[in-house]
Amino acid sequence: MRTLDAYASNESGDYMEKLEKRYGLPTAICMVVGTVIGSGVFFKAQNVLVATGGDMPLGILAWVITGILMIICSLQFASMAQKYEKVSGIVDYAEVTCGKGYAYYLAWFMVNVYYPGMTSVLAWVSARYFGVLFGWDLAGPEVLCVAGFALVGSYTLNAFSPKLAGKFQISATVIKLIPIILMAIVGTIYGLKEGVLTQNFTTIVEEVAGGKSAGLFAAVVATVFAYEGWIVATSINAELKNAKKNLPIALVIGSIIVVIAYVLYYIGVAGGASNAVLMAEGATTAFKNVFGAVGGAFLNICIVISCLGTLNGLMVGATRGMYAIAAREEGPRPEMFSQVDKHTNMVTNSSIWGLFVCAAWLVYFYGANLTSGWFGYFNFDSSELPIVTIYGMYIPIFIVWMIKEKELGFVKRFLLPVLALAACGFMVFAAVYAHGITPYLNAKANGEFSFPVLFYLILFAIIMFVGALVRKSKKK
């Protein structure tokens, strides 16, 4: 039974099925915290140490910088959420500020690159930590099969019972905080007692090529994946009770919780093992050292659940992507992708497309990052570059906001957008600086030259061109 009118008149006078207002503030906060905190903080901690050469204070600085950038952007979107409520948060804000065309291309990017790119990585990471329990090869067929099952399982949960998916999100958020809180407290105490923490803070394992600035930029880009996902909470805008009030609160509170949790966890991990060991083996060794084999296995199970919770949150966005486009009578077959199932109140056709694209990106991630490289020059990290791209796509939204919103005060009209622009600009620069848009020699690829950013941008342009053709054909 639907709690809202089954249909609502849209701008063109047609009728579009609407989603039920089923989620409250706790679910929205858990969407932010639960979607952001997942796998990144666990497996990107190792990447941060490698990027900084084992410089622990520099790594903490990277976590803090990216956290501040996330809070700034979430504050800006909180201002927008107080004014606008339609179908899908960020796409709504793009439409109001930059017009229907820009909103379409942003939504097209999110549904075909951003959401599925991150969702596929989370499916693999969930399987990766599950495989640790059995000693599987992390790039082996067992882990890939479990990743595919996790992807389909998350889709099934969202497609059959959105309310159950929301409850799972809350439960997974609580569970995922267990290893973070325990490691933050016990790991710090253990590290101080054993002297490991002091050693890690005062010792650098190796010098980074390009100096500390290069290491910092690389570390910041590595932490982006760990912090990303908060914008997914805006995808349930149409299903959130009192969205104009609850969504801004969820964005701000959730973002602050995440930053505090990450920094304290990172310090706790430093107390569990030396920087050299953490760089080589990751945080799993720290868990075993601090909590023993049994305790480490239990916390590893919590990490698996944590990753599945993040996967679920990202799947929420992925399954609603085509609906956000179709609700505006844009994209391919809007009459099909805007359909809402009368029994589950779920956008079934949109969900099917979301699962398909996620599966395609899972194949890409495996081939590009876990093999010798199936795609030649087009091998790039699909867990980082799409995220930085969306920060670049926020920039026009913030600029037009400052131009149009003349009735707002100085803080909301100028100060927050300018800070958000600076944050987005920094993220784009850091990504290009860290990954390199010009050719560079990749020692891991047997001395071959790599062009990660350049060939990612080529693929991005192709996908957006297809979107333009679809839109043009639809208008004709």
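Just so we're clear, the structure is a prediction, and the values are computed from it rather than from any experiment.

Visitor: Sorry, what's going on with the overall build of the chain here?
Guide: Scanning the chain from terminus to terminus reveals 18 helices and four strands. Contacts in the chain between residues at least 24 apart in sequence constitute 78% of all its contacts with a sequence separation of at least 6. Within the structure as shown, the chain displays about 18600 Å² of accessible surface, and the carbon and sulfur contribution to it stands at 68%.

Visitor: Would you mind showing me how to read the pattern of salt bridges here?
Guide: Side chains bearing opposite charge may pair, as long as their charged atoms lie close to each other. By the definition in use, this model includes five salt bridges. In this structure, K212 engages D55 in a salt bridge whose closest nitrogen and oxygen atoms are separated by 3.7 Å. Taken as a pair, K212 in helix α9 (residues 211-227) and D55 in the loop between α2 (40-52) and α3 (56-83) lie far apart in primary sequence, 157 residues in all. The class of D55 is buried, set by a relative accessible area of 6%. Put simply, R328 and E95 hold a salt bridge, and the shortest N to O gap is 2.5 Å. Taken together, the residues span a long stretch of sequence, with R328 in the loop between α13 (321-326) and α14 (334-337) and E95 in helix α4 (residues 90-98) at a distance of 233 residues. Several salt bridges share partner residues, and in doing so they unite D92, E95 and R328 into one network.

Visitor: Please clarify how the nonpolar core should be interpreted in this entry.
Guide: Nonpolar side chains in soluble globular proteins generally cluster together in the buried interior. Counting residues in each nonpolar core, the largest one holds 124 residues, and the members touching the most others are I90, F109, Y262, Y265 and F398. Considering each element in turn, this core owes the most residues, 19 residues, to helix α5 (residues 100-132). Counting residues in hydrophobic clusters, the runner-up holds five residues, among them Y323, V340, M346 and V347.

Visitor: What exactly am I supposed to notice about the packing of aromatic side chains here?
Guide: Overall, the coordinates contain 23 aromatic pairs when judged by the stated rule. Ring geometry for W63 against Y266: centres 5.7 Å apart, planes inclined by 50°, an arrangement best described as tilted. Highlighted residues: W63 in helix α3 and Y266 in helix α10 (residues 243-270), separated in sequence by 203 residues. In terms of burial, W63 and Y266 fall into one category: buried. Ring centres of F134 and W136 lie 5.2 Å apart, and the angle between their planes is 20°; this geometry places the pair in the stacked category. The exposure class of F134 is exposed, given its relative accessible area of 52%. Here the guanidinium or amino end of R128 rests over the ring plane of Y129, the centre of that ring lying 4.9 Å away.

Visitor: So what exactly am I meant to see when it comes to the side chain of S126 here?
Guide: With respect to the helices and strands, the residue S126 is situated in helix α5. Owing to a relative accessible area of 3%, S126 belongs among the buried residues under this scheme. A distance of 2.8 Å separates a polar side-chain atom of S126 from the backbone oxygen of L122. The residues contacting S126, other than those within four sequence positions of it, are V304, C307, L308 and L311.

Visitor: What am I meant to see in the confidence of the model for the chain here?
Guide: Low-pLDDT portions of the prediction should not be read for the details of their coordinates. Looking at the chain as a whole, its pLDDT mean stands at 80, while 85% of the residues score no less than 70. Per-residue pLDDT stays below 50 along residues 438-449; that stretch engages in 16 contacts with residues further than four places along the chain or on separate chains.

Visitor: Would you take a moment to explain the environment of G99 for this structure?
Guide: Examined against the element boundaries, G99 turns out to sit in the loop between α4 and α5. As for G99 and I397, which are separated by 298 residues in sequence, their C-alpha atoms are 9.7 Å apart.

Visitor: Help me out: how do you make sense of the environment of I170 in this one?
Guide: Within the fold, I170 resides in helix α7 (residues 162-194). For I170, a relative accessible area of 30% gives the class partly exposed. Sequence-wise, I170 and G309 are 139 residues apart; in three dimensions their C-alpha atoms are separated by 8.4 Å. If sequence neighbours within four positions are ignored, I170 has contacts with T27 and C30.

Visitor: So what exactly am I meant to see when it comes to the state of the cysteines here?
Guide: Working definition of a disulfide: a covalent bond connecting the sulfur atoms of two cysteines. Summed over all chains, the structure comprises zero disulfides. Note on C73: no disulfide assigned, nearest cysteine sulfur contributed by C424 at a separation of 4.0 Å.

Visitor: Please clarify how α3 should be interpreted in this entry.
Guide: Look at α3: 42 Å from first C-alpha to last across 28 residues, which is about the 40 Å you get at 1.5 Å a residue. Of all 28 residues that make up α3, 20 are buried, and the element is covered over most of its length.

Visitor: What is the right way to look at unusual backbone geometry in this model?
Guide: Excluding glycine, residues mostly carry a negative phi; peptide bonds, for their part, are mostly trans. Even without being glycine, E329 reaches a positive phi, approximately 60°. On the accessibility criterion, E329 (25% relative accessible area) is partly exposed. Despite not being glycine, R333 has its phi angle at roughly 45°, a positive value. As for its position among the elements, R333 is in the loop between α13 and α14.

Visitor: Explanation requested: the packing of helix α6 (residues 141-160) against helix α15 (residues 348-369) in the structure shown.
Guide: The angle between the axes and the distance between the axes are what describe a pair of packed helices. Axis separation between α6 and α15 bottoms out at 10 Å; the angle between their running directions is 160°. For the element pair α6 / α15, the angle class is roughly antiparallel. The crossing of α6 and α15 is right-handed. Residues L144, A147, G148, L151, V152 and Y155 of α6 form the contact with α15, whose participating residues are S351, I352, L355, C358, A359, L362 and Y366. Taken together, the residues of the contact of α6 with α15 sort by class into eleven nonpolar, two polar and no charged.

What counts and what doesn't
Residues numbered from 1 in each chain as written. Predicted model: local features only at pLDDT ≥ 70, side-chain atom pairs only at ≥ 80, totals over all residues. Heavy atoms only, no water. Helix = DSSP H or I, 4+ residues; strand = E, 2+ residues; numbered from the N terminus. Contact = heavy atoms within 4.5 Å. Areas by Shrake-Rupley, 256 points an atom, 1.4 Å probe, with all protein chains shown as cover. Salt bridge = Lys/Arg side-chain N within 4 Å of Asp/Glu carboxyl O. Buried < 20%, exposed > 50% of the residue type's maximum accessible area, 1.4 Å probe, protein only. Core = buried A, V, L, I, M, F, W, Y, C linked by side-chain atoms within 4.5 Å. Phe/Tyr/Trp six-rings, centres within 6.5 Å; stacked < 30°, edge-to-face > 60°. Lys NZ or Arg CZ within 6 Å of the ring centre and 35° of its normal. Polar contact = N/O pair within 3.5 Å; in protein donor to acceptor, adjacent residues only side chain to side chain. pLDDT = per-residue confidence, 0-100. Disulfide = S-S within 2.5 Å. Expected span 1.5 Å × (residues − 1). Axes fitted to C-alpha atoms, helices over the stretch in contact; angles between N-to-C directions. Parallel < 35°, antiparallel > 145°, perpendicular 65-115°, else oblique. Left-handed = near helix turned anticlockwise from the far one by under 90°. Nonpolar A, V, L, I, M, F, W, Y, C, P; charged D, E, K, R; others polar.

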